[in-house]
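Per-entry structural report
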Amino acid sequence: MADYFSEMGWRELADGEQPNHFLHLARLFRDYNMFEELNSLNGEKLPPPASKASVEALIDEKITQDGHQCPVCLKDFLTGDVVKIMPCKHKFHPECLLPWLSKTNSCPLCRYELPTDDEDYEAWKKEKKRAKERETDIENLHNSMFS
Ligand SMILES: [Zn+2]
Ligand SMILES: [Zn+2]
């Protein structure tokens, strides 16, 4: 792919030339927008299943007091029931949670995400995190330019 900026006649700095802050900002925005597009594409499909290891690592807990409900089937947990606890502390019947996690990796209640075995998805998540950091960069840059 030809670089957009070289097509537009931008070039690398010559010795002693001052960097063009506007160009830097434009580059940040360009990268950020590309990410936004990716994000909306991805938004249409469900994240992949939780990884086997992360599902096996979920903690079991025996219910010792009443008053809690499984968010999936909305039945009360009974004393003596063994439930699965997500890292976000939400509790579910294993038979309610496990089929869910075999389809997608997030808590049915709060969308807390477990790791997946899907390399593409994990790469996308990293990219998403980087874009967030870049967003902070843009803000800092904006502040340094206009304050
Ligand atoms: Zn349930
Ligand atoms: Zn949760």
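Residues numbered from 1 in each chain as written. Chains lettered and ligands numbered in written order. Predicted model: local features only at pLDDT ≥ 70, side-chain atom pairs only at ≥ 80, totals over all residues. Heavy atoms only, no water.

1. Description of the pattern of salt bridges
For the record, the criterion: Each reported salt bridge corresponds to a side-chain nitrogen of Lys or Arg within 4 Å of a carboxyl oxygen of Asp or Glu. Numbered from the N terminus, helices here are DSSP runs of H or I no shorter than four residues, and strands are runs of E no shorter than two. Each residue gets one of three labels from its accessible area relative to the maximum for its type: buried under 20%, exposed over 50%, partly exposed in between, using a 1.4 Å probe on protein chains only.
What the rule picks out here adds up to 7 salt bridges. Here Glu113 and Lys125 are joined by a salt bridge, their closest N and O atoms 3.7 Å apart. Of the two residues, Glu113 sits in the loop between helix H4 (94-101) and helix H5 (119-146) while Lys125 sits in helix H5, which places them 12 residues apart along the sequence. Residue Glu113 is classed as partly exposed on the basis of its relative accessible area, which comes to 28%. Across the salt bridge formed by Glu127 and Arg134, the nearest N and O atoms sit 3.2 Å from each other. One network of salt bridges, in which partners are shared, links Glu113, Glu122 and Lys125.

2. Considering the coordination of the zinc ion (ligand 2)
To keep things clear, this is the line we draw: Only nitrogen, oxygen and sulfur atoms qualify as donors, and only when within 2.8 Å of the metal (3.2 Å in the case of Na, K and Ca); with water excluded, sites may look incomplete. The rule is simple: four donors are tetrahedral if all their angles sit between 85 and 135 degrees, four are square planar and six octahedral if opposite donors span more than 155 degrees and the others lie between 65 and 115, and anything that fits none of that is irregular.
Around the zinc ion (ligand 2), the protein supplies Cys88 (SG), His90 (ND1), Cys107 (SG) and Cys110 (SG) as donor atoms, at distances of 1.9 to 2.4 Å. Viewed at the metal, the 4 donor atoms of the zinc ion (ligand 2) are separated by angles of 104 to 116°, and the geometry they form is tetrahedral. One chain supplies every donor for the zinc ion (ligand 2), spaced along it as C-x1-H-x16-C-x2-C. Of this pair, His90 sits in the loop between strand E2 (82-85) and strand E3 (91-92) while Cys107 sits in the loop between H4 and H5, and the two are 17 residues apart along the sequence. Classification of His90 as partly exposed rests on a relative accessible area of 24%.

3. Regarding the nonpolar core
Nonpolar side chains in soluble globular proteins generally cluster together in the buried interior. Threshold: Here, nonpolar core means buried Ala, Val, Leu, Ile, Met, Phe, Trp, Tyr and Cys residues that are tied together by side-chain atoms lying within 4.5 Å of each other. By definition in these notes, contact holds between two residues if any of their heavy atoms fall within 4.5 Å.
Within the largest apolar cluster, 14 residues are counted, with the highest numbers of intra-cluster contacts made by Leu58, Met86, Phe92, Leu97, Leu101 and Leu114. At 3 residues, H4 tops the list of elements feeding residues into this core. Non-local contacts of Leu114, meaning those with residues more than four positions away in its chain, are made with Ala50, Ser54, Leu58, Met86, Pro87, Leu101, Asn105 and Lys125.

4. Description of the sheet that holds strand E1 (residues 59-62)
Put simply, the rule reads: What makes two strands pair is DSSP finding at least two bridges between them. Lines fitted to C-alpha atoms define the axes, with helix axes restricted to the stretch in contact, and inter-axis angles between N-to-C directions lie between 0 and 180 degrees.
Taken together, the 3 strands give an open sheet; going across it, the order is E1-E2-E3, and neighbouring strands pair in antiparallel fashion. The sheet is open, and its two borders are formed by E1 and E3, each paired with just one other strand. Two elements, E2 and E3, share 2 bridges in a ladder whose sense is antiparallel. Within the sheet, the bridge partner assigned to Ile85 lies in E3 and is Lys91. Packed onto the sheet, H4 meets E2 and E3 and runs at close to 35° relative to E2.

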